[in-house]
Structure formats: C-alpha cells, structure tokens
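# Survey of secondary and tertiary structure
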Amino acid sequence: MKLPRLIAASCAAMLALGTAASMAADPIVIGVSIAQSPPGSVVQGTQVKDGVEIVTKIINDKGGVLGRPLEIVYEDNQGIPEKGRAAAEKLIARDKVVAITGGHQSSVCLAEIEVAHRYKMPYVNTNCWSDDVRAKGYPEVFNPGNYNTRVSSAMADTIAALKVKRVVAFAENTDYGIGQAKLLGDFLKKAAPDTEYKYVALDRAGKDFTPAVLPLRANPPDVVVNIMLPPAAYILMNQLYEQGVAPSAQTWLYDGAGIADYPDFWQNVKEAGKYMLAFGLYHPLMPMPELGKQVGQIYQQQSKSEPNRLIFQAADSVLLIARAIEQAKSTDSAAIIKALQDMEFEGTRGKFRFSQDAGYKYQQWVDIPYVTYQLTEIDQPLSKTTLIQASGQPLDIAKAVKPAR
C-alpha cells in the first residue's frame, strides 16, 4: 500500500521540479522603443537595434541573467512623441517588460519618460541628448549616452580655437535641435565672446532648405553648424554644397549631431561631406574595454562596415539593465532602479557611475568621452579620418584643413 503512495509522491515532486525549472527559464522581457519607419530617424533605429541584438546574444550565450534568457520586444515609435507614449504604454501594460530602453530622439524620450515615471518603470535612455530629459529629475530614467550640454560645450571650444568671427547653425525644430542650438550660443558667449552667432530652426521633415541657404551665398559665415538628423541633415548638407556655401575655402562645415559615422552617410552626401569637421562619440583610436572590442568586431563581421557610437550605446543600454537585475537579484522595478543608482558599471565604452546631481547631470554619465575629427576624402572610413582631438586630450586645430575653393 505504501508503494503507490511513494510513486505518487515522487511524481508530484518531479512535476513541481519541472514547473519550477520552467518558471526559472521564463525569459526576462525588455522593451525597446525605436524609429523603424519615417518620419523618425530610421537609420538611428536600425543601429540601435543592431547593438541591442549583438549584446543580447552575448548575454544569452553565457546563460542569460539569473539563469533566464533575455527577450527583446520592439515597438516602432516612428520618431513621433505620441507614438512613443503609446509604445511605452503597450510595452509596460501588455508586454509586461521589466524595463524600457532604445530611445534615440529627444522629443520621443520626453514623451516616453512620462509613462515610465507614472508606472515607476526603469527607463534607460540610449541616445536622447536633450538636457530636459535629465532635468525632469525622474528617478526611473538613466542616461548612459550623450547630452546637449556636453556637445555644445565641446563645439564652442572647437569654434573658439578656429578663431572665427561669424557662425550660423541650422537646427531641427525639435527639443534636441533647438535646445542644443541655444546652448551653443550660451557657451560661445563665454568661449568666444567676440564671435557673432545665430541659429535657424528648420523643419526636420523638410525636403528643400534652399530658402534658408541662399542668403548665405552673398554673405557667407566662417562656420556653418549642422544640428539636424538624417534625412534632413543630408538634404541640408547637399544644398549647402550645391550653393557653394560650405564646406568652402571661406566656410567650415561642422557637424554637431554625430551623423558622420552613420552607415548611409557617404552614399547620401558624397562631395558635401568632404572637409567636414565632426563631433564624435566613437573613433577606432579611442581606448575601449574588451567587451567593446568584441561588440565592434561582431558588428563589423555582420555588416562588413565599421561600427558607430549607436552600436555601443545600445549595447550598454541593455547591459546596464542586465547588470542591475543581477546585482538586485530581482526583476522588481524598484530593485532595478536602486541597483542602477548605486552600482559602478563597466560596459563597452568604459567605467562610470550615474551622477545624482540635480539638473542636466541627474543620473547621467557626466564625463562621457568624445572626440573631434575631420573627413578629408569621399567614402572615408572613420578609422582613416584626421583626429583633431583625441578623447580627453586638447584640440590640435592646426590639423584641420579647408578645400582650395
């Protein structure tokens, strides 16, 4: 009589173990909101997706997180704030994600973080530069990417070193574009007080910017600054070149939007990109941890092209969430947030802690490394560009050159 009971008990125990094992293997779901269709920056969205998938595979190949695989759920926000808000709602309420990341356009991030804040959901900002994202002071929002104050300060230093008298910036009519253009003006007042500066806001969905470019033909400035994302940035660059404004023997072209290392850059700009100065967040000569080198090599093998900064930023965004879950030993939102606030993180680009200072530094990697370089040949890979300023080093503006005419 005891044998059947023993068998039944054994079967029940095995079933319980099987159920526990199944539960332990349930995936940890992370939401990624990116632009996969216009009018958003699809090229940015594609790069973010590539970086996310590379690092997710690396993590899963090593056993996942807490013995569970990571699963990525994507939502297309089309670069539209309302779509981003809806994407965040869906990821949290329906897909039951433990965190959201991927944001790469500031106006969309500003909409999404309102949802994350309301749900108390961890949100890792991949590439939204607007200082307003940080200044909100939301404890759910973490910023391992670049920010407007950082790039505007660096741009002002470069322009001051060029010793120019007149600067015109073209900024997209978004939180990011106008915010960065205003900050650049503020920093130029300090770094180059005798330099005349103005910015012109352009429609990011525009197709023809010649009405804004033509007045510069008669009275060209010394520097034209781009603060626009593709495809609008490419259209602007081509029209500046076609009208003989910049780059030219008289006028520098300076990109402050970080577009020079996009995979479709050269096929869209050709001659218009030659001699352009660029603010950059990645260069092959920058020192990188072993994981960064691994991610870069995998991307290069898969795409047959050099990686850009978005690959590493996206990889770090997912890795941050994974490391926080490991440290917290939990997928509870509050536990993840606390871990992100407290931990020292080393990812693909270096080691840092998030600042807890108020304002634009809040939960930000404050000393994020950057470089300044110049493109000197059409179809030039990033590794062959002229490094005007290495990471953490002073500018060597004497290396910069202008076209003959």
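Predicted model, so just to flag it, every value in this text is computed and none were measured.

On to the UniProt feature "domain: Leucine-binding protein" (unreviewed entry) in the chain. With numbering aligned to this structure, UniProt lists the feature "domain: Leucine-binding protein" (unreviewed entry) at residues 27-358. Note that residues 27-358 is 46% helix and 16% strand, and that its end C-alpha atoms are spaced 35 Å apart.

This paragraph deals with the packing of aromatic side chains. With the rule as written, the count across this model stands at 11 aromatic pairs. Their ring planes at 25° and their centres at 5.8 Å tell us that Tyr147 and Tyr360 sit as a pair that is stacked. Of this pair, Tyr147 sits in the loop between β5 (141-142) and α6 (148-162) while Tyr360 sits in the loop between β12 (351-352) and β13 (371-374); the two residues are 213 residues apart in sequence, bridging distant segments of the chain. Connected via pairs of aromatic rings, a cluster forms that spans Phe142, Phe345, Phe352, Phe354 and Trp365.

On to the pairing of strand β2 (residues 70-76), then. Pairing analysis gives seven bridges linking strand β1 (residues 28-34) to β2, with the strands arranged parallel. Bridge assignment links Ile34 to a residue of β2, and that residue is Asp76. Considered for its hand, the β-α-β crossover made up of β1, helix α2 (residues 42-61) and β2 is right-handed.

It is worth spelling out α2 at this point. Helix length check: α2 (20 residues) gives 28 Å between terminal C-alpha atoms against 28 Å at 1.5 Å per residue, within 8%. Every buried residue of α2 is listed here: Val43, Gln44, Gly45, Gln47, Val48, Gly51, Val52, Ile54, Val55, Thr56, Ile58 and Ile59. The elements touched by buried residues of α2 are β1, β2, α12 (290-303) and α13 (309-328). Gly63 lies just past α2 and shows a positive phi near 105°.

In this structure the tally under the stated criterion is one disulfide. For Cys109, the disulfide goes to Cys128, at an S-S distance of 2.0 Å. Looking down the S-S bond of the Cys109 and Cys128 bridge, the torsion is 70°, so its handedness is right-handed. Taken as a pair, Cys109 in helix α4 (residues 106-119) and Cys128 in the loop between β4 (123-124) and α5 (131-135) lie far apart in primary sequence, 19 residues in all. The exposure classification of Cys109 matches that of Cys128, with both residues buried.

Turning to unusual backbone geometry, a few remarks are in order. Residue Pro39 is reached from Pro38 by a cis peptide bond, and omega for that bond is 10°. Although it is not a glycine, Lys304 sits at a positive phi angle of roughly 60°. Residue placement: Lys304 occurs in the loop between α12 and α13.

A few words on the pairing of strand β8 (residues 223-227). Among the five residues of β8, five are classified as buried, and the element is accordingly described as predominantly covered. Where burial is concerned, the two faces of β8 agree: the one with Val223, Val225 and Ile227 and the one with Val224 and Asn226 are both buried. Taken together, the five bridges between strand β6 (residues 166-172) and β8 define a ladder with parallel strand orientation. If you follow Ala171 over to β8, its bridge partner there is Ile227. Both β8 and strand β9 (residues 252-255) contribute to a ladder of four bridges, which runs parallel.

Residues Val225 and Phe265 are the most contacted members of the largest nonpolar core, which totals 110 residues. Not counting chain neighbours up to four residues away, the residues in contact with Val225 comprise Met155, Ile159, Val167, Val168, Ala169, Phe170, Leu184 and Tyr254. In this structure, Leu91, Ile92, Tyr123 and Tyr138 belong to the second largest nonpolar core, which totals 18 residues.

When two helices pack together, their arrangement is given by the angle between the helix axes and by the axis-to-axis distance. Following both chains from N to C, one finds α6 and helix α7 (residues 175-191) inclined at 45°, their axes separated by 8 Å at the closest point. Taken together, the axes of α6 and α7 lie oblique to each other. Considering the relative orientation of α6 and α7, their crossing is right-handed. Seen from α6, the contacting residues are Asn148, Thr149, Val151, Ser152, Ser153, Met155, Ala156, Asp157, Ile159 and Ala160; seen from α7, they are Asp175, Tyr176, Gly179, Gln180, Leu183, Leu184, Phe187, Leu188 and Ala191. Considering only residue class, the contact of α6 with α7 consists of 11 nonpolar, six polar and two charged.

Turning next to the environment of Val141. With respect to the helices and strands, the residue Val141 is situated in strand β5. By relative accessible area, Val141 is classed as buried at 3%. For the pair Val141 and Asn125, spaced 16 residues apart in the sequence, the C-alpha separation amounts to 6.9 Å. Not counting residues up to four positions away in its chain, the partners in contact with Val141 are Ile113, Tyr123, Val133 and Gln363.

On to the side chain of Asn146, then. As for its placement among the helices and strands, Asn146 is situated in the loop between β5 and α6. Each residue touching Asn146, except ones within four places of it in the same chain, is listed here: Cys128, Trp129, Arg134, Val151, Phe279, Leu281 and Ile368.

Take the packing of α2 against α12 next. Packing of α2 against α12 brings their axes to within 10 Å, and their N-to-C directions diverge by 115°. Classified by chirality, the crossing of α12 by α2 is right-handed. Taken together, the residues of α12 that come into contact with α2 (itself represented by Gln47, Asp50, Ile54 and Ile58) are Leu291, Gln294, Val295, Ile298, Tyr299 and Gln302. Taken together, the residues that form the contact of α2 with α12 break down as six nonpolar, three polar and one charged.

Between its terminal C-alpha atoms helix α3 (residues 81-93) stretches 18 Å, which fits the 18 Å expected from 13 residues at 1.5 Å a residue. Residues of α3 that are buried include every one of Gly84, Ala87, Ala88, Leu91 and Ile92, and no others. Considered in projection along α3, the buried side chains sweep an arc of 120° and stay on one side of the axis. Buried residues in α3 make contact with β1, β2, β3 (99-101) and α4.

Calculation notes
Residues numbered from 1 in each chain as written. Predicted model: local features only at pLDDT ≥ 70, side-chain atom pairs only at ≥ 80, totals over all residues. Heavy atoms only, no water. UniProt positions renumbered as here; feature names shortened; annotations may be inferred. Helix = DSSP H or I, 4+ residues; strand = E, 2+ residues; numbered from the N terminus. Phe/Tyr/Trp six-rings, centres within 6.5 Å; stacked < 30°, edge-to-face > 60°. Pairing = 2+ DSSP bridges. Right-handed = clockwise from strand over helix to strand, strands pointing away. Expected span 1.5 Å × (residues − 1). Buried < 20%, exposed > 50% of the residue type's maximum accessible area, 1.4 Å probe, protein only. Contact = heavy atoms within 4.5 Å. Disulfide = S-S within 2.5 Å. Core = buried A, V, L, I, M, F, W, Y, C linked by side-chain atoms within 4.5 Å. Axes fitted to C-alpha atoms, helices over the stretch in contact; angles between N-to-C directions. Parallel < 35°, antiparallel > 145°, perpendicular 65-115°, else oblique. Left-handed = near helix turned anticlockwise from the far one by under 90°. Nonpolar A, V, L, I, M, F, W, Y, C, P; charged D, E, K, R; others polar. Arc of directions from axis to C-beta.

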